[in-house]
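# Survey of secondary and tertiary structure
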Amino acid sequence: MGTARGFGVDIGGSGIKGCPVDIEGGVLAEERMRIPTPQPSTPSAVADAVAEIVDKFSWTGPVGITLPCVVKDGTALTAANIDKGWIGTDAQALFAERLGRAREDVVVLNDADAAGIAEMRAGAGAGHRGLVVVLTFGTGIGSAMFIDGRLVPNTEFGHIEVDGHDAETQAAASVKDELDLSYPEWAPRVTRYVQALEQFLWPDLIIAGGGVSKKGHKWIPLLETRTPVVAAALRNDAGIVGAATAATSGNA
Ligand code: BGC
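Reading the values: rules and limits
- Residues numbered from 1 in each chain as written.
- Predicted model: local features only at pLDDT ≥ 70, side-chain atom pairs only at ≥ 80, totals over all residues.
- Heavy atoms only, no water.
- UniProt positions renumbered as here; feature names shortened; annotations may be inferred.
- 1 Å grid on protein atoms, 1.4 Å probe; cavity = no way out; pocket = protein on both sides within 12 Å on 5 of 7 lines; lining within 4 Å.
- Points joined across faces, edges and corners; volume = space filled by probe spheres on them.
- Helix = DSSP H or I, 4+ residues; strand = E, 2+ residues; numbered from the N terminus.
- Nonpolar A, V, L, I, M, F, W, Y, C, P; charged D, E, K, R; others polar.
- Domains from an automatic or database assignment.
- Pairing = 2+ DSSP bridges.
- Axes fitted to C-alpha atoms, helices over the stretch in contact; angles between N-to-C directions.
- Contact = heavy atoms within 4.5 Å.

An unreviewed UniProt entry lists the chain under the name Polyphosphate glucokinase, with Saccharopolyspora kobensis as the source organism. Note on the chain: under the UniProt heading Sequence similarities (unreviewed entry), the record states "Belongs to the ROK (NagC/XylR) family."

Here we take up the layout of surface pockets. Reported here for the largest pocket is a volume of approximately 900 Å³. Forming the boundary of the largest pocket are 48 residues, of which G12, D111, F137, G138 and T139 lie nearest the centre. Residue assignment for the lining of the largest pocket shows that the elements contributing at least two residues are β1 (5-11), β2 (15-22), α3 (111-122), β9 (131-137), β10 (141-147), α5 (173-178) and α7 (238-249). Of the residues assigned to the lining of the largest pocket, the class counts are 15 nonpolar, 22 polar and 11 charged. The residue makeup of the lining of the largest pocket includes at least three contributed by each of domain 1 (5-113 + 237-249) and domain 2 (127-232).

Let's shift gears to the sheet that holds strand β14 (residues 205-209). Pairing between the strands of a sheet comes from backbone hydrogen bonds, and it takes one of two forms, parallel or antiparallel. Taken in spatial order, the 5 strands make up an open sheet running β11-β10-β9-β14-β15, and their pairing is mixed. Taken across any chain shown, the strands that pair with only one partner, and hence form the sheet edges, are β11 (150-152) and β15 (229-231). Going from strand to strand, the sheet's axes swing by 30 degrees on average, the running direction of each strand aside. Both β14 and β15 contribute to a ladder of 3 bridges, which runs parallel. Along β15, the bridge assignment pairs A208 with A231. Together, β9, β10, β11 and β14 form the strand contacts of α3, whose direction differs from that of β10 by roughly 45 degrees. Of the strands in this sheet, β9, β10 and β14 touch helix α6 (residues 183-197), which is tilted by about 145 degrees from β9.

As structure tokens, this is what we get:
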């Protein structure tokens with residue numbers, strides 16, 4: 001056992017955050033750097049921001065990068081909360097070129113999948129077998145599904161239809177902010193969403209992540225769901241840690 005380090009970058013709707021990661025410990029190895037997501041968040045502008053962060057740390061090894069998109073073989077296929085120019089972009093090639101690295105030294109994966117990888121290894125999901133679903137509540141709702149610890153990538157449970165609406169437009173954390181809802185006002189929206197998901201899935205555990213998981217004690221106990229729900233342990237760092245882990249261990 002050494003102190004293997006990796007590097008993760010988490011690309012979100014409002015900020016791009018990155019830093020070296022202690023892979024064994026599943027924690028940030030240094031203080032992370034954050035820059036606001038360029039607007040519009042085009043592939044080229046975002047790639048420049050990612051390069052700025054990686055250069056800041058003089059990092060030369062492999063890099064894991066998240067996108068709020070379905071990502072297959074390095075190519076982004078959806079773009080719900082980021083510039084539509086990402087759809088069809090070979091993000092792995094773009095970042096490899098911008099970072100001056102070989103394609104195989106760059107791993108690109110969905111942001112919620114990355115957060116889930118980190119939670120399952122070193123967070124609230126550690127040691128949990130069975131069906132575990134990680135839900136990240138932020139600008140949208142992201143999801144990551146694990147069966148006996150193994151990721152089923154690119155689930156998009158944030159977009160299931162609930163009462164005729166795209167679920168994330170009703171229950172994301174951004175909706176709480178936009179409508180200025182208190183936790184007791186927002187929690188029934190999350191209950192409704194999770195209950196709709198539970199019609200199709202019987203998870204053994206749901207891990208609630210995203211920035212709002214920091215205040216999980218204010219709303220998770222108010223949820224009325226069949227499945228036990230616990231707060232994510234790594235909170236906002238999970239995406240960075242999971243991306244670095246995926247790039248270092250090939251766990252994408
Ligand atoms: C996207 C997902 C993403 C989630 C969280 C959703 O709108 O479709 O791919 O994981 O937001 O960012």
